[in-house]
Amino acid sequence: MDRCVGDIDGIARASYARLLAILSARTGDIAAAEDALSDAFAAALTTWSREGAPDNPEGWLLTVARNRWRDRIKSAASRTSTPLDEAQEAALEEVDPEMISDNRLMMMFVAAHPAINASIRTPLMLQTVLGLEAERIAAAFLIPGSALAQRLVRAKRKIKAAAIPFITPDRSDMPVRLEAVLEAIYGAYALDWMAGEDLTREAIYLADLTVEMLPEEPEALGLAALLTFSHARGAARAGRHFTPLQDQDPAAWDHRAIARGETLLRRAGGHGRIGRFQIEAAIQSAHSARKPGEAPNWTAIAALYEALVTTAPTIGAATGRAAAFGEAFGAEVGLRALDQIAAKDAQGYQPYWATRAHLMRAAGQDAGAAFAKAIALCTHPPTRAWLEKRAAD
């Protein structure tokens, strides 16, 4: 039984979002597809513990979920004496497990439809397309979990009520929705990069797929470059001990991936339309350019962060700017830049407190309270251990 639960848990992590995208695309109802898929996993827990997992578990789950959906639709039609229309029947036709396609990017463009409130598009994609739990998304967006859950429910109802088509939009319609799609892909990578789990690879895959679909969109190229640069340093930061970027050994980086990132960034720059992800990729390029034994070019990095804050004034950009200013121009300058961030925005943002602790210590100030706050907000065990050691030194 324990092994069965483990099998289902592994399949859920690897396949839930993809199966949900397939079911939603066929039914046009995300909430009902979630219910049907939940029933399928519950059935798997009973059946697989007795008979063992099937050769094609994804196909098994998809077939059961489709049948659960069929039963619910027919039951609803019976209760209301309304005949099941041809479109509903067509949506419930057999799916060949061998023909399961990847509908996630299409689903992301659906969630980015102009009819969906702009503030919920990215969280909706993170939950339904990339499989992140609402509580985890809420923590990343610094909003209460209950509030986000209600917004997600309303967004799913809106998709059904407005009959938003589950199709990949025409290329002429894609740029309008692109910003939210790129934000969700980046959010998935950023939430998962420390752990090095499968979601980072999914994010890179989706970023590359977006470039294939929209090869002339500089921000799509910029995001692909950004994720490529960051992933190239995975081996240097992975493991039980956290190593800050400036302390990593460049020899441990994947220089083939870095070269690919540079190519993507040059392609993006060739279009002459600079945006957030291109600037962030340029920051990572500047970090990646240093040789073993060299310090990063903090002056150049500070200038890029200044451009980033002007282009995309987020708390992450402002915190990165303060950190770069502190390295380039002195800790006091960095602290003054941090002080420009509103206290209400900084309260629950862990990188802000880690940066403040670092700069206060460099300025010869008592950083104990800032370290304590950074440690309390840290959810990544290796980083927390590194902060605790810094605080104790």
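Thresholds, definitions, all that
Residues numbered from 1 in each chain as written. Predicted model: local features only at pLDDT ≥ 70, side-chain atom pairs only at ≥ 80, totals over all residues. Heavy atoms only, no water. Helix = DSSP H or I, 4+ residues; strand = E, 2+ residues; numbered from the N terminus. Buried < 20%, exposed > 50% of the residue type's maximum accessible area, 1.4 Å probe, protein only. Contact = heavy atoms within 4.5 Å. Areas by Shrake-Rupley, 256 points an atom, 1.4 Å probe, with all protein chains shown as cover. Axes fitted to C-alpha atoms, helices over the stretch in contact; angles between N-to-C directions. Parallel < 35°, antiparallel > 145°, perpendicular 65-115°, else oblique. Left-handed = near helix turned anticlockwise from the far one by under 90°. Nonpolar A, V, L, I, M, F, W, Y, C, P; charged D, E, K, R; others polar. pLDDT = per-residue confidence, 0-100. Phe/Tyr/Trp six-rings, centres within 6.5 Å; stacked < 30°, edge-to-face > 60°. Lys NZ or Arg CZ within 6 Å of the ring centre and 35° of its normal. Lys, Arg positive; Asp, Glu negative; His and termini not counted. Salt bridge = Lys/Arg side-chain N within 4 Å of Asp/Glu carboxyl O. Polar contact = N/O pair within 3.5 Å; in protein donor to acceptor, adjacent residues only side chain to side chain. Core = buried A, V, L, I, M, F, W, Y, C linked by side-chain atoms within 4.5 Å. Expected span 1.5 Å × (residues − 1).

A. Seen up close, the overall build of the protein chain. In terms of regular secondary structure, the protein chain is built from 21 helices and zero strands. Going through the 393 residues of the protein chain one by one, you find that 47% of them count as buried. Of the contacts made within the protein chain by residues no fewer than 6 positions apart, 65% connect residues no fewer than 24 positions apart. Accessible surface computed for the protein chain: about 19100 Å², of which carbon and sulfur atoms make up 52%.

B. The arrangement of the packing of helix α15 (residues 298-311) against helix α16 (residues 315-329) in detail. Look at α15 against α16: their axes get within 8 Å of each other, and the N-to-C directions meet at 155°. By the criterion of interaxial angle, the relationship of α15 to α16 is roughly antiparallel. At the point where α15 passes α16, the crossing takes the left-handed sense. Across the interface between the two elements, Trp298, Thr299, Ile301, Ala302, Tyr305, Glu306, Leu308 and Val309 from α15 touch Ala317, Ala318, Gly320, Arg321, Ala324, Phe325, Glu327, Ala328 and Phe329 from α16. Residues that form the contact of α15 with α16 fall into these classes: twelve nonpolar, two polar and three charged.

C. Molecular detail of the confidence of the model for the protein chain. Per-chain confidence: the protein chain averages 83 in pLDDT, with 86% of residues scoring 70 or above. A low-confidence stretch, residues 96-101 (pLDDT under 50), is modelled with ten contacts involving residues beyond four sequence positions or located in other chains.

D. Examining the packing of helix α19 (residues 350-362) against helix α21 (residues 381-392) more closely. Their axes nearest at 12 Å, the elements α19 and α21 cross at an angle of 25°. By the angle class used here, α19 and α21 are roughly parallel. Along this stretch, α19 crosses α21, giving a crossing that reads as left-handed. Facing α19, whose interface residues are Gln350, Ala354, His358 and Arg361, α21 presents Leu387, Arg390 and Ala391. Here the residues of the contact of α19 with α21 sort into three nonpolar, two polar and two charged.

E. Region of the structure containing the packing of aromatic side chains. Evaluation of the coordinates by the stated rule reveals five aromatic pairs. A centroid spacing of 5.5 Å and a plane angle of 70° characterise the contact between Tyr186 and Phe277, whose relative ring orientation is edge-to-face. Of the two residues, Tyr186 is situated in helix α9 (residues 174-192) and Phe277 in helix α14 (residues 276-288); the sequence distance between them amounts to 91 residues. As far as the burial class goes, Tyr186 and Phe277 line up, both buried. A centroid spacing of 5.1 Å and a plane angle of 85° characterise the contact between Tyr352 and Trp353, whose relative ring orientation is edge-to-face. Taking relative accessible area as the criterion, Tyr352 reaches 6% and is therefore assigned buried. Just above the ring of Trp253 sits the side chain of Arg233; from NZ or CZ to the centre is 5.8 Å.

F. Examining the side chain of Arg121 more closely. Within the secondary structure layout, Arg121 lies in helix α6 (residues 118-128). For Arg121, which is buried and forms no salt bridge, the nearest opposite charge comes from Glu179, at a distance of 7.4 Å. Of the polar contacts made by the side chain of Arg121, one reaches the backbone oxygen of Pro114; its length is 3.4 Å. The residues contacting Arg121, other than those within four sequence positions of it, are Ala111, Ala112, His113, Pro114, Ile116 and Ala180.

G. Structural detail: the nonpolar core. Met108, Ile185, Leu223 and Leu227 are the most contacted members of the largest nonpolar core, which has 64 residues in total. No other element matches the ten residues that α9 contributes to this core. Leu227 has contacts with Ile185, Tyr186, Tyr189, Ala203, Ile204 and Ala207, leaving out every residue within four places of it along the chain. Core analysis: the next-biggest nonpolar cluster, separate from the first, contains 32 residues, Ile279, Ala317, Ala324 and Ile375 among them.

H. Quick look at helix α11 (residues 218-232). Taking 1.5 Å of rise per residue, the 15 residues of α11 would be expected to cover 21 Å, and the 21 Å separating its terminal C-alpha atoms lies within 8% of that figure. Burial of α11 is extensive: 14 of the 15 residues sit out of reach of the surface.

I. Region of interest: unusual backbone geometry. Positive phi outside glycine occurs at Ala163, with the angle close to 50°. Relative to the helices and strands, Ala163 is located in the loop between α8 (145-161) and α9.

J. How the structure looks around the pattern of salt bridges. Under the criterion given, the structure shown has ten salt bridges. A salt bridge links Glu34 to Lys156; its shortest N-O distance comes to 2.8 Å. With Glu34 in helix α2 (residues 30-51) and Lys156 in helix α8, this pair connects stretches of sequence that are 122 residues apart. Each member of the pair Glu34 and Lys156 is classed as buried. Among the ionic pairs, Arg356 bridges to Asp339, the shortest N-O distance being 2.6 Å. With a gap of 17 residues between them, Arg356 in helix α19 and Asp339 in the loop between α17 (331-338) and α18 (343-346) connect regions that are remote in the sequence. For Asp339, a relative accessible area of 51% puts it in the exposed group. Three or more residues joined by partner-sharing salt bridges are found here, namely Glu183, Arg276 and Glu280.

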